[in-house]
There are 2 protein chains.
Amino acid sequence: MNNFEYKNPTKILFGKGQIERLSEEIPRDAKVMMLYGGGSIKRTGIYEQVTKALLGYNLLEYGGIPPNPEYNVLMGALKVIKEEKVDFLLAVGGGSVIDGTKFLSAAAFFEGDNPWELLTKGKPVMKGMPFGTVLTLPATGSEMNSGLVITREETKEKLSTGGPALYPQFSVLDPEVVKSIPQQQLANGVADAYMHVMEQYMTYPMGGLIQDRFAEGILQTLIEVAPAIMKDPSDYKAAANFMWSCTMALNGLISKGVSEDWSVHMMGHELTALFGIDHARTLAILAPSHYQYNFETKKGKLAQYAERVWNVTEGTEDEKAKAGIKKTEEFFHSLDIKTKLSDYTKDYEGTAEEVAKRFTKRGWVKIGEHGTLTPEDAKKIVEMSY
Amino acid sequence: MNNFEYKNPTKILFGKGQIERLSEEIPRDAKVMMLYGGGSIKRTGIYEQVTKALLGYNLLEYGGIPPNPEYNVLMGALKVIKEEKVDFLLAVGGGSVIDGTKFLSAAAFFEGDNPWELLTKGKPVMKGMPFGTVLTLPATGSEMNSGLVITREETKEKLSTGGPALYPQFSVLDPEVVKSIPQQQLANGVADAYMHVMEQYMTYPMGGLIQDRFAEGILQTLIEVAPAIMKDPSDYKAAANFMWSCTMALNGLISKGVSEDWSVHMMGHELTALFGIDHARTLAILAPSHYQYNFETKKGKLAQYAERVWNVTEGTEDEKAKAGIKKTEEFFHSLDIKTKLSDYTKDYEGTAEEVAKRFTKRGWVKIGEHGTLTPEDAKKIVEMSY
């Protein structure tokens, strides 16, 4: 096991009716900006629950944060935050709204003219405006970590940053929100959380026994609850386990002391930036090819995964490892998620070259858990995913 | 799943050489009191590592905190803390030293004449002096939780408390300390962590799927590493997994949203108070009888445990559940831990009555995960453990 540091100060309020408790967590004299997305929270009643819980607060709101939170939209919110002297942010939404809010937390305290540098300079964010979240879409885990991803439409870029200042002070996780989520987004949430675990787990056996067991436990739970959630999102028991799985998948715990990969995300972000394909679906497109391409270095862990998560007990290590890839792809199909780029766009020719070019431009010359994958490797993996 | 709150602000510094980093975590101008036990840290070199890391600090020390930290010894330390105006505590030791330090953290800020009331009034501790820990004996999990247990020799009492103020600010977990731990204490550590998980897990299937998988993962890891640790405690890989298992076993995560039992600990504390039997061994004495006595209410979970943790795939639910109890007892035996009270004392007659009397006196009339166990039940369970 590698040396590690672990600290996660986010307070989780989990369960039915927890939105009512918002006023326990936000200072009474705060000037609060509530951020949200396209307005679905008004249809689902969550908007009303939140504003009711914060009755008597000095509360502004800023809606319209798009999926893959867009830099220029956020700059509009930043202007209001500064003009109105807002001092507490409340994200009410999914990963995009939460990531956008994290960016605003950092940008509000950023000393410099161009907050885009928060994303391009690669420095951890050490100062941010306090913020909390009300999660409406389990998927990204952003509600209990300090990372964020921001998109810039004009340059078709999708970049990430993070830092100790960007843990939410609190996150409200009420599984009852799941019942209002459309099928496609539920499927995305399951696949996204699944691939978050895989990026931290699917490397090589390196003796992080607890980390492996926890990762496998989250995968098993997602596999167990996915059919129930897809069939009936108002199944509270399934929704609660789905929600807590998504949070545990990316709150930093399972990656401590072990190697991580994240290549699939790095390639996937480019597919979203280029074609607007849902983030989770880009991961489902690339993961099987990635594991196939890196079969020799990953087969030990793939075989362990097949055995423990999918109960594949027969065959050689190679056979088990292959079964692991196949089961993964079948799991995505069971969520009605297609796993080839050509299922999503006819304009896929040249994508592999474009992704490799972008990696090279950003200086990502060595990626993956061994730091051995080059832009040329990424090109081949993307090609295998056509 | 039940509603829950979760927040654990302790920072973990895990791995080789982390003791050197103490000065990053303790304010330079703090007046620090270092607390330790019987002096084994001087033999193992940990004392020297700590004092070297804190060279230049205003550092006092207070050794001699006994196993089952004794109230009167701690009151001696409290006097020095007040006289010398200490403002940061550093526990260097195992669960006893850490629990004692937590008590001192609370007692230093206690407003009242009699700090014993911290243990008898049942109020969560909301204020405490800042403290950190250097863990030298993996077992209790106290390094990443906010609970403590204190013993008072004169009244043969062992009582607990806790509260949000009693999370360590940081804990240093260097698995290299494991190599200096005597066999008996290693065995105790494994059994203690195992039973911590069992108290939170061995109730009934209640749909906390992640919690169950994580609990099972910790048990599986302890089972996997125990033989390696007992054979060669300088096996770093095994030591690291052992250490992280002990912390994860009782840092609050696996109990969130599910019912807990803790009856075995409540009865076990009485056996330690009465006979001085090592804490972990009291749990090994009582657990098999407890599960046997409560077989009807626990058999669903016992069968799940037998299947998932011990790979018992044959038989009816009852048969699997019984196999689960048997495997548990055999696991303790594999650690050279005896599982009958009569293995430890000849004076066991009347113990069951005494335990029941003490429970009644403290008003513990309904314990266990269903709140149905009476002192009369405890009497029968202790009797079954003779």
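A quick note: this is a predicted structure, and the numbers were derived from the prediction, not measured.

With that settled, consider the overall build of chain A. For chain A, the helix and strand inventory stands at 15 helices and eight strands. Its C-alpha atoms give chain A a radius of gyration of 20 Å, within 12% of the compact-globule value 21 Å for 386 residues. Projecting the C-alpha coordinates of chain A onto the three principal axes gives extents of approximately 65 × 45 × 45 Å. For chain A, with 386 residues in total, the buried portion stands at 62%. Intrachain contacts of chain A at a sequence separation of at least 6 include 78% that bridge at least 24 residues. Accessible surface computed for chain A: about 14600 Å², of which carbon and sulfur atoms make up 49%. Averaging the coordinates of the 43 positive side-chain charges in chain A and doing the same for the 50 negative ones gives two points 2 Å apart.

This part takes up the packing of aromatic side chains. Taken as a whole and assessed by the stated rule, the structure comprises 29 aromatic pairs over all chains. Judged by centre distance (4.8 Å) and plane angle (35°), the ring pair of Y194 of chain B and F331 of chain B falls under tilted. A residue pair is termed long-range when its members are at least 10 positions apart, and Y194 of chain B in helix α7 (residues 183-201) and F331 of chain B in helix α13 (residues 317-334) qualify at 137 residues. Each member of the pair, Y194 of chain B as well as F331 of chain B, is classed as buried. In textbook terms, an aromatic cluster arises when at least three aromatic residues are bridged by ring pairs, as seen for Y194, W310, F331 and F332 of chain A. Just above the ring of Y236 of chain A sits the side chain of K16 of chain A; from NZ or CZ to the centre is 4.6 Å.

All names here are of chain A. Burial runs high along strand β6 (residues 147-152): five of the six residues are buried. Note: β6 against strand β7 (residues 157-162), six bridges, orientation antiparallel. Across the sheet, residue R152 finds its bridge partner in β7, namely E157. What sits between the antiparallel neighbours β6 and β7 is a turn of four residues, in which K156 has the positive phi angle 50°.

Okay, the sheet that holds strand β8 (residues 170-173) of chain B next. Ordered by their spatial adjacency, 12 strands build an open sheet running β3(A)-β2(A)-β4(A)-β5(A)-β8(A)-β1(A)-β1(B)-β8(B)-β5(B)-β4(B)-β2(B)-β3(B), and the pairing between neighbours is mixed. Pairing within the sheet leaves two strands with one partner each, and these edge strands are β3 (58-62) of chain A together with β3 (58-62) of chain B. On average, each strand axis in the sheet is tilted by 25° relative to the strand beside it, whichever way the strands run. In this sheet, strand β8 (residues 170-173) of chain A lies alongside strand β5 (residues 131-135) of chain A in parallel orientation, the contact comprising four bridges. Within β8 of chain A, the position partnered with T133 of chain A by the bridge is S171 of chain A.

This part takes up the relation of the copies chain B and chain A. Screw-axis analysis of chain B against chain A gives a translation of 0.0 Å along the axis, an RMSD of 0.0 Å, and a rotation angle of 180°. Expressed as a symmetry operation, the mapping of one chain copy onto the other fits a two-fold axis. Across chain B, the rotation axis passes nearest the C-alpha of P9 of chain B, at a separation of 2.3 Å.

Moving on, we come to the interface of chain B and chain A. Between chain B and chain A, the residue contacts involve 39 residues of the former and 39 residues of the latter. Of the roughly 3600 Å² buried between chain B and chain A, counting both surfaces, carbon and sulfur atoms make up 60%. One can count six salt bridges joining chain B with chain A. In this structure, R21 of chain A engages E5 of chain B in a salt bridge whose closest nitrogen and oxygen atoms are separated by 2.4 Å. Linking chain B to chain A there are 13 residue pairs in polar contact (both at pLDDT 80 or more). Grouping the amino acids of the side of chain B that touches chain A by side-chain chemistry returns 18 nonpolar, 13 polar and eight charged. Both strand β1 (residues 4-14) of chain A and strand β1 (residues 4-14) of chain B contribute to a ladder of seven bridges, which runs antiparallel. Bridging across to β1 of chain B, F4 of chain A finds its partner in F14 of chain B.

Now for the environment of E224 of chain A. With respect to the helices and strands, the residue E224 of chain A is situated in helix α8 (residues 209-231). Along the chain, E224 of chain A and F242 of chain A lie 18 residues apart, while their C-alpha atoms are 9.3 Å from each other. If near-sequence neighbours (up to four positions away) are discounted, E224 of chain A is found in contact with L209 and R213 of chain B.

A word on the environment of E111 of chain B. All names here are of chain B. Take E111: it is sitting in the loop between α5 (95-108) and α6 (117-120). Judged by relative accessible area, which is 67%, E111 ranks as exposed. There is a polar contact of 2.8 Å between the side chain of E111 and the side chain of K127.

Attention now goes to the side chain of S259 of chain A. All names here are of chain A. Relative to the elements of secondary structure, S259 occurs in the loop between α9 (236-249) and α10 (263-275). Side chain to side chain, S259 and Y204 meet in a polar contact 2.8 Å long. Those residues in contact with S259 that lie beyond four places of it in its chain are N2, Q200, T203, Y204, M206 and E369.

All names here are of chain B. Buried within helix α3 (residues 46-53) we find I46, Y47, V50, T51 and A53. Seen from one end, α3 has its buried residues packed into an arc of 160°, which puts them on one side. Summarising the geometry of α3, the exposed residues directed more than 90 degrees from the buried face are E48 and K52. Looking at the buried side of α3, the elements it contacts are α1 (22-25), β2 (31-35), α2 (40-44), β3, β4 (88-93) and β5 (131-135).

As a further point, take the pattern of salt bridges. Residue and element names in this part refer to chain A. Applying the stated rule across the entire model yields 50 salt bridges over all chains. A salt bridge links D261 to K298, with the shortest nitrogen-to-oxygen separation between them at 2.7 Å. Of this pair, D261 sits in the loop between α9 and α10 while K298 sits in helix α12 (residues 295-310); the two residues are 37 residues apart in sequence, bridging distant segments of the chain. As far as the burial class goes, D261 and K298 line up, both buried.

Let us look at the confidence of the model for chain A. Counting all residues, the mean pLDDT for chain A is 96, and 100% of those residues have values of 70 or more. Here the predicted complex carries an ipTM of 0.96, next to a pTM of 0.96.

Another aspect to go through is the packing of helix α7 (residues 183-201) of chain A against α10 of chain A. Residues and elements named next belong to chain A. Running from amino to carboxyl end, α7 crosses α10 at an angle of 135°, the nearest separation of the two axes being 9 Å. One way to sum up the angle between α7 and α10 is to call them oblique. Side by side, α7 and α10 meet where D192, M195, H196 and E199 of the first sit next to S263, V264 and H265 of the second. Taken together, the residues of the contact of α7 with α10 sort by class into two nonpolar, three polar and two charged.

Bringing the packing of α7 of chain B against helix α12 (residues 295-310) of chain B into the picture now. Residue and element names in this part refer to chain B. Between α7 and α12, the shortest axis-to-axis distance is 12 Å and the interhelical angle comes to 135°. In terms of orientation, α7 lies oblique with respect to α12. Crossing angle aside, the handedness with which α7 passes α12 is right-handed. In contact with Y194, M198 and Y201 of α7, α12 contributes K301, Q304, Y305, V309 and W310. Split into classes, the residues belonging to the contact of α7 with α12 amount to six nonpolar, one polar and one charged.

A separate point is unusual backbone geometry. Look at D336 of chain A: it is not a glycine, yet its phi comes out positive at around 60°. Assignment of secondary structure puts D336 of chain A in the loop between α13 (317-334) and α14 (351-362). Residue class for D336 of chain A comes out exposed when judged on its relative accessible area of 59%. Residue K85 of chain B is not a glycine yet carries a positive backbone phi of 55°. Within the secondary structure, K85 of chain B is located in the loop between α4 (71-83) and β4.

Conventions adopted
Residues numbered from 1 in each chain as written. Chains lettered and ligands numbered in written order. Predicted model: local features only at pLDDT ≥ 70, side-chain atom pairs only at ≥ 80, totals over all residues. Heavy atoms only, no water. Helix = DSSP H or I, 4+ residues; strand = E, 2+ residues; numbered from the N terminus. Rg over C-alpha atoms; globule rule 2.2 N^0.38 Å. Buried < 20%, exposed > 50% of the residue type's maximum accessible area, 1.4 Å probe, protein only. Contact = heavy atoms within 4.5 Å. Areas by Shrake-Rupley, 256 points an atom, 1.4 Å probe, with all protein chains shown as cover. Lys, Arg positive; Asp, Glu negative; His and termini not counted. Charge placed at Lys NZ, Arg CZ, Asp CG, Glu CD. Phe/Tyr/Trp six-rings, centres within 6.5 Å; stacked < 30°, edge-to-face > 60°. Lys NZ or Arg CZ within 6 Å of the ring centre and 35° of its normal. Pairing = 2+ DSSP bridges. Axes fitted to C-alpha atoms, helices over the stretch in contact; angles between N-to-C directions. Least-squares fit on C-alpha atoms with pLDDT ≥ 70 in both. Buried area = accessible area lost by both parts, 1.4 Å probe. Salt bridge = Lys/Arg side-chain N within 4 Å of Asp/Glu carboxyl O. Polar contact = N/O pair within 3.5 Å; in protein donor to acceptor, adjacent residues only side chain to side chain. Nonpolar A, V, L, I, M, F, W, Y, C, P; charged D, E, K, R; others polar. Arc of directions from axis to C-beta. pLDDT = per-residue confidence, 0-100. Parallel < 35°, antiparallel > 145°, perpendicular 65-115°, else oblique. Left-handed = near helix turned anticlockwise from the far one by under 90°.

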